[in-house]
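# Structural overview
Below, each chain spelled out in residue letters.
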Amino acid sequence: MFESFGRGLKLILASIKMGFQDKRLLIPGILTVFSNFFFAILLFLEGKSRVGATDVQGAVGGAVAGAKALGPHAAAAIHHAAHGKHGFDLTKPDAIQNFIGQTALNGPWDQSGMGALQQAATPDAILAVVAILVVWWLTNRFLEGVTTALVYSHLTEGAGTGKFSTACAAVFTSLPAIVALGFTTLIAKRVARFMRDKRGSGIFGMGVNFLASIVEVFWTLAGHLILPAIVIEGTSFWGALKRADRIAQGNLIAIGVGEIGIDTINRVVLLAVCFAGVSGYSYAFYYHLGLSPMVVGLGLLWASTVIVVTAMSIYIRAAFFTCLYVWAIEAEALSEAERVNHRAPGPLAAALA
């Protein structure tokens, strides 16, 4: 564990150094953070507008339904209630029961909002949410592909050789294959989750759980090797899948992903930054500091730190898997004896030193 942590720390420091040598490598990660903010706000506004509109429609629809349920005297009762006169005609046998039904949980007049949420889940609303999520995912994968292309140019051709426009064009032409990768990844994760949910007890249950873990681990590695193959070599999804399979079958990567603990370190750092923000907010709230210049300045500094740490974690992951892919394709051209002394590329060499 400590060895994995040490390797991950070395790789992170070397990746940061590489990013400072060519700051264009960091741009896609920063854009990813802001795109996440943008789509999260867009999704929130879409949901708020749908639920808000449904609240009004639900109130009107509930009044109409209530009027119909109360019988022929309902219109007059509502008219009198609006003018401050006597309310509903409660002499009707089913009037009280129907009125309670309208105001019950999840009914049209339910004040908890659950009724509005159910009515808001229309086909148009679902389609809008799915469209936002798809574009959100596609934007993140596009920017990850741009990072991969820039890091590949940096490793193979030297610092500053990669062009942002060239990387964007390469990823744009590979969008169909990236979309196919996304759908396949979704299916693989669903299959693994289904296997975990449907597993039995005893030895059989342990076996199913083990198979689900294999699917998750295999596709995590394969998925991150397929994306570089798509972007760097411009292959189709199936071509990239075969390429990743050849890499795995040929044992061209002499180290496992779990042996370099970059994910653990990234999570710990991000958790520490979030904890610092919560602690600072609690301190300001407890001592009633309000929006003083110092509090505003520290808040902006904390927000900037969150953006930088998140962007760096995105960049470091992309750089790590690009290094793995470059190492694999370089090792493929060597004999087994030559691979032993072959130096890993870029930050990966620092991690394995």
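Predicted model, so just to flag it, every value in this text is computed and none were measured. (Residues numbered from 1 in each chain as written. Predicted model: local features only at pLDDT ≥ 70, side-chain atom pairs only at ≥ 80, totals over all residues. Heavy atoms only, no water.)

Turning next to the overall build of the protein chain. Summing up its helical and strand segments, the protein chain has 14 helices and 0 strands in all. Helices (α) and strands (β) of the protein chain occur, in sequence order from the N terminus, as α-α-α-α-α-α-α-α-α-α-α-α-α-α. In the protein chain, buried positions account for 35% of the 353 residues. Within the structure as shown, the protein chain displays about 20800 Å² of accessible surface, and the carbon and sulfur contribution to it stands at 69%. (Helix = DSSP H or I, 4+ residues; strand = E, 2+ residues; numbered from the N terminus. Buried < 20%, exposed > 50% of the residue type's maximum accessible area, 1.4 Å probe, protein only. Areas by Shrake-Rupley, 256 points an atom, 1.4 Å probe, with all protein chains shown as cover.)

To describe two helices that pack against each other, one gives the angle between their axes and the distance between the axes. Two elements in contact, helix α6 (residues 123-157) and helix α7 (residues 164-173), have axes whose closest approach is 9 Å; the angle formed by their N-to-C orientations is 125°. Taken together, α6 and α7 sit at an angle that is classed as oblique. In this structure, the crossing between α6 and α7 has a hand that is right-handed. Side by side, α6 and α7 meet where Phe-142, Gly-145, Val-146, Ala-149 and Leu-150 of the first sit next to Phe-164, Ala-167, Cys-168, Val-171 and Phe-172 of the second. Looking at the contact of α6 with α7 residue by residue, the class counts come to 9 nonpolar, 1 polar and no charged. (Axes fitted to C-alpha atoms, helices over the stretch in contact; angles between N-to-C directions. Parallel < 35°, antiparallel > 145°, perpendicular 65-115°, else oblique. Left-handed = near helix turned anticlockwise from the far one by under 90°. Contact = heavy atoms within 4.5 Å. Nonpolar A, V, L, I, M, F, W, Y, C, P; charged D, E, K, R; others polar.)

Another point: the nonpolar core. With 44 residues, the main nonpolar core has Leu-11, Ile-226, Ile-230, Tyr-315, Phe-320, Leu-324 and Leu-348 as its most contacted residues. If you tally residues by element for this core, the top one is helix α12 (residues 293-332), at 12 residues. (Core = buried A, V, L, I, M, F, W, Y, C linked by side-chain atoms within 4.5 Å.)

With 35 residues, α6 extends 50 Å between its outermost C-alpha atoms, agreeing within 8% with the 51 Å of an ideal straight helix rising 1.5 Å per residue. Of the residues flanking the end of α6, it is Gly-158, one or two places downstream, whose phi is positive at about 115°. (Expected span 1.5 Å × (residues − 1).)

On to the packing of aromatic side chains. Ring pairs (aromatic) are described by centroid distance and by the angle formed between their planes. The full count for this structure, using the stated rule, is 6 aromatic pairs. Seen from their ring centres, Phe-38 and Phe-39 are 5.2 Å apart, and the 75° between their planes marks the pair as edge-to-face. Judged by its relative accessible area of 8%, Phe-39 is buried. Between the aromatic rings of Phe-237 and Trp-238, the centroid separation amounts to 5.1 Å while the plane-to-plane angle is 65°, which identifies the pairing as edge-to-face. By relative accessible area, Phe-237 is classed as buried at 5%. (Phe/Tyr/Trp six-rings, centres within 6.5 Å; stacked < 30°, edge-to-face > 60°.)

Attention now goes to the layout of surface pockets. Approximately 380 Å³ is the volume attributed to the second largest pocket. Taken together, 17 residues form the lining of the second largest pocket, with Gly-280, Tyr-281, Val-295, Leu-298 and Gly-299 sitting closest to its centre. For the lining of the second largest pocket, a count of residues per class yields 13 nonpolar, 4 polar and no charged. (1 Å grid on protein atoms, 1.4 Å probe; cavity = no way out; pocket = protein on both sides within 12 Å on 5 of 7 lines; lining within 4 Å. Points joined across faces, edges and corners; volume = space filled by probe spheres on them.)

Okay, the packing of helix α11 (residues 262-286) against α12 next. At a closest axis distance of 10 Å, the pairing of α11 and α12 adopts a crossing angle of 170°. On the basis of their axis angle, the class for α11 and α12 is roughly antiparallel. Residue-level contacts link Ile-262, Asp-263, Asn-266, Val-269, Leu-270, Val-273, Cys-274, Ala-276, Gly-277 and Ala-284 of α11 to Val-295, Trp-302, Thr-305, Val-306, Val-309, Thr-310, Ser-313, Ile-316, Arg-317 and Phe-320 of α12. The residue makeup of the contact of α11 with α12, split by class, is 13 nonpolar, 5 polar and 2 charged.

The next thing to look at is the confidence of the model for the protein chain. Mean pLDDT over the protein chain stands at 75; residues scoring 70 or higher make up 67%. This model gives residues 81-88 a pLDDT under 50, and the stretch forms 10 contacts once residues within four places in sequence are excluded. Overall, residues 102-114 carries pLDDT values under 50, and its contacts beyond four positions in sequence, including any with other chains, amount to 26 contacts. (pLDDT = per-residue confidence, 0-100.)

With that settled, consider a nonpolar patch on the surface. On the surface, a cluster of nonpolar side chains totalling about 800 Å² of accessible area is made up of Tyr-283, Tyr-286, Tyr-287, Leu-289, Met-294, Leu-298 and Leu-301. When residues of the nonpolar patch are traced back to their parent elements, those giving at least two are α11 and α12. With 3 residues, the top contributor of residues to the nonpolar patch is α12. Inspection of the secondary structure puts Met-294 in helix α12. Among the residues examined, Met-294 registers a relative accessible area of 53% and is labelled exposed. (Patch = residues over 30% accessible without salt bridge, like charges linked within 9 Å, V, L, I, M, F, W, Y side chains within 5 Å. Salt bridge = Lys/Arg side-chain N within 4 Å of Asp/Glu carboxyl O.)

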